[in-house]
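Structural features, examined
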Amino acid sequence: MRKILPVLVLLFTTYLYSKDYNVIDFGAKADGITLDTKAVQKAIDTCTKNGGGRVLIPSGKTVLIGTIYMKSYVTLHIENGATLLGSSNIKNYATDTHKNMYKNEPHMDRCLIFAQEAKSFAIEGYGTIDGNGYFKNFTRETGRPMLMRFLNSNDIHLKDVTIKNPAAWTSAWLYCNEIVVDGIKIVSRANNNGDGLDFDGCTNVRVANSSFDTSDDSICIQASLPNKPSKNIVVTNCTFTSKWAGMRIGLLSRGDIESVSVTNCTFNDIDDSGLKIQLNEGGEMKNMTFSNLIMNNVPRPIFMTFAQQKACVDAPEEMYPMKAMHHFIFTDIIADNSKLDKNSAIFITGMPGNYITDVQLNNVQMIVSGGGTKEDTKKTHFKEYTLDVLDGWWPEFHLLGTLPAHGIFARHVKQLSVNNIQIKTVNKDYRPPIVFDDVLQGTIKNTKANNQEINEAIFINQ
């Protein structure tokens, strides 16, 4: 007994001061039926109070929760084979989790996992977070909680987890700094507006080695506050499939968005656009590079708009002044859209008197379906993305109609360089491959369409 007692004391002491906090030890039933919110929150609170450590969701268990609050120095570790499951009852989601920053969407204000002014916390493990966000559980009328929202927080890691079935966005990161997302998988098809990662006013962001299958934009970079820019953001080694855009930069753009690099990614079966870059709320957008990208079945590999529209829930009544959208490089891109319709092309548009400037398209290979008719070639006037035309809509492609080019259409652009581009059509297309409308200082070099050299674009309305 004397020999056993010291061992028991040691084991007890190790348990007492352990940096691992298993939610079952805090009362979680972990049966997927009993609501374990209080037990999980107690484990998180105890962990942060004791200086930090890991809160464990154990393997082989399903832990059902409503809203929980992440705290500083806590790592929520979801073990391989474990599931953290969101409640199907909107009443189990708190109302003190900030708000969605888009206008007319308060039904997405609530969320499952929330952090505010926290630092150095993480969500990791090879387990699953399941938002349980199916239509049968959540509608616009009942409310549709986001899965995660992090506000004014620093040093955040999201690693290796599978995140699926949110009722709205998978995540909203508001005004956070030093973010690492690595090795995650997002499957967001259970409900509408299922964005993947939305970074709003965030700085020093690195997203790598992750896959996205979403019902809305897979990654968004935006800025809803004038004094909170989004900048120093890197996305690399990721795969995208989406019902809307692979990456959307802008729309919410009251603040500046700059210094973004996207490289070594594949985009497959995107319904709207691969890279959707849109400035329209008074910020400035600049200094972005996109390289080594493969796109298959992506209608608009690049879709850029400089427009006027108010998207933010906190937008003032008066319209913002237009600032600047400049310095973008797109290089080493292969886009195979042979199975799509005749509008599978690159589309870049500013506004009259408000140009997108300093854009380079280098080393791009495009296969397009073709099919443009002689009648399509006669179309020379198109709607502008002005406030009166948008009339509450976002600047989407469908407002424009058939493009006048089967490869690249650019308008209201200054200093556009097109170099080493190859365009091939599957079906005969009467439209020219490249059309410029109000393009100043545009150049074309080393470019071919169906193996025919192109020395200049067709200019319309000039």
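Anyway, here's the lowdown on the structure attached to this text. On a predicted model such as this, the values are computed, not experimentally measured, just so you know. (Residues numbered from 1 in each chain as written. Predicted model: local features only at pLDDT ≥ 70, side-chain atom pairs only at ≥ 80, totals over all residues. Heavy atoms only, no water.)

1. Let's talk about the overall build of the protein
The condition is simple: Only DSSP runs of H or I with at least four residues qualify as helices, and only runs of E with at least two residues qualify as strands; both kinds are numbered from the N terminus onward. Relative accessibility decides the category of a residue: with a 1.4 Å probe and only protein chains considered, values under 20% of the type maximum give buried, values over 50% give exposed, and everything between is partly exposed. In what follows, a contact means two residues having at least one pair of non-hydrogen atoms within 4.5 Å. Under the convention used here, Asp and Glu are negative, Lys and Arg are positive, and both His and the chain ends fall outside the count. Throughout, a charge is located at the NZ atom of Lys, the CZ atom of Arg, the CG atom of Asp or the CD atom of Glu.
Scanning the protein for helices and strands turns up 4 helices and 36 strands. Summarising its shape, the C-alpha atoms of the protein cover approximately 95 × 45 × 40 Å along the three principal directions. Looking at the 462 residues of the protein, the share that counts as buried comes to 56%. In the protein, the proportion of contacts linking residues at least 24 apart, taken out of those at least 6 apart, comes to 76%. Charged side chains in the protein number 47 positive and 48 negative. The centres of these two groups are separated by 5 Å.

2. Some words on the packing of aromatic side chains
Cut-off, in case you're wondering: To pair, rings of Phe, Tyr and Trp, with the six-membered ring standing in for Trp, must have centres within 6.5 Å; the planes then decide the type, stacked if under 30 degrees apart, edge-to-face if over 60, and tilted in the middle.
On inspection of all chains with the given rule, the structure shows 17 aromatic pairs. Judged by centre distance (6.3 Å) and plane angle (45°), the rings of Y21 and F26 are tilted. F26 gets classed as partly exposed once you look at its relative accessible area, which sits at 22%. Considering the side-chain rings of F347 and F409, the 5.5 Å spacing of their centres and the 0° angle between planes classify their relative orientation as stacked.

3. Things to note about the side chain of D216
What counts, and what does not: For this document, the term salt bridge refers to a Lys or Arg side-chain nitrogen within 4 Å of an Asp or Glu carboxyl oxygen.
Residue position: D216 is located in the loop between strand 19 (211–214) and strand 20 (219–223). No salt bridge is formed by the buried D216. Its closest oppositely charged neighbour is R248, at 5.2 Å. The contact partners of D216, leaving out residues within four places of it in the chain, are N193, G194, D195, S242, W244 and A245.

4. Some words on the pattern of salt bridges
The tally for this structure, following the rule as stated, stands at 14 salt bridges. We note a salt bridge from R248 to D217, for which the minimum N-O separation is 3.5 Å. With R248 in strand 23 (residues 245–253) and D217 in the loop between strand 19 and strand 20, this pair connects stretches of sequence that are 31 residues apart. Taken as a pair, R248 and D217 share a single burial class, namely buried. When the shortest N-O distance is used, the salt bridge between R300 and D272 registers 3.8 Å. Taken together, the residues span a long stretch of sequence, with R300 in strand 27 (residues 300–306) and D272 in the loop between strand 24 (257–270) and strand 25 (273–279) at a distance of 28 residues. You can call R300 buried: its relative accessible area is 7%. You can call D272 buried: its relative accessible area is 5%.

5. Side note on the state of the cysteines
Filter applied, for reference: Cysteine sulfur pairs qualify as disulfides if the two atoms are within 2.5 Å.
Taken as a whole and judged by the stated rule, the model has 0 disulfides. Here C176 stays unpaired: no disulfide links it, and the sulfur of C202, its closest cysteine neighbor, is 4.8 Å away. Here C220 is not disulfide-linked; the sulfur of C202 is the nearest cysteine sulfur, at 12 Å. With a relative accessible area of 2%, C220 lands in the buried category.

6. Side note on unusual backbone geometry
Look at N237: it is not a glycine, yet its phi comes out positive at around 55°. Here N237 lies in the loop between strand 21 (230–236) and strand 22 (239–242). Since its relative accessible area comes to 37%, N237 is described here as partly exposed. At N264, a residue that is not glycine, the phi angle is positive and equals roughly 55°. As for its position among the elements, N264 is in strand 24.

7. Overview of the pairing of strand 12 (residues 154–159)
Just so we agree on the cut-off: For two strands to count as paired, DSSP must find a minimum of two bridges between them.
Taken together, the 5 bridges between strand 9 (residues 119–124) and strand 12 define a ladder with parallel strand orientation. Paired with I123 across the bridge in strand 12 is L158. In terms of strand pairing, strand 12 meets strand 15 (residues 177–182) through 5 bridges, oriented parallel. Counterpart to N154 in the pairing with strand 15 is N177.

8. A short note on the pairing of strand 24
One ladder, built from 6 bridges, connects strand 21 with strand 24; its direction is parallel. Bridge pairing in strand 24 links V235 to V262. In this sheet, strand 24 lies alongside strand 22 in parallel orientation, the contact comprising 3 bridges. By the bridge assignment, F240 is partnered in strand 24 with F267.

9. What to know about the nonpolar core
Spelled out, the test is: What makes a nonpolar core is a set of buried Ala, Val, Leu, Ile, Met, Phe, Trp, Tyr and Cys residues whose side-chain atoms join them at distances within 4.5 Å.
Core analysis: the biggest nonpolar cluster contains 104 residues, and I113, I123, L197, F328 and F330 have the highest contact counts within it. For this core, the element with the most residues is strand 31 (residues 408–425), which contributes 7 residues.

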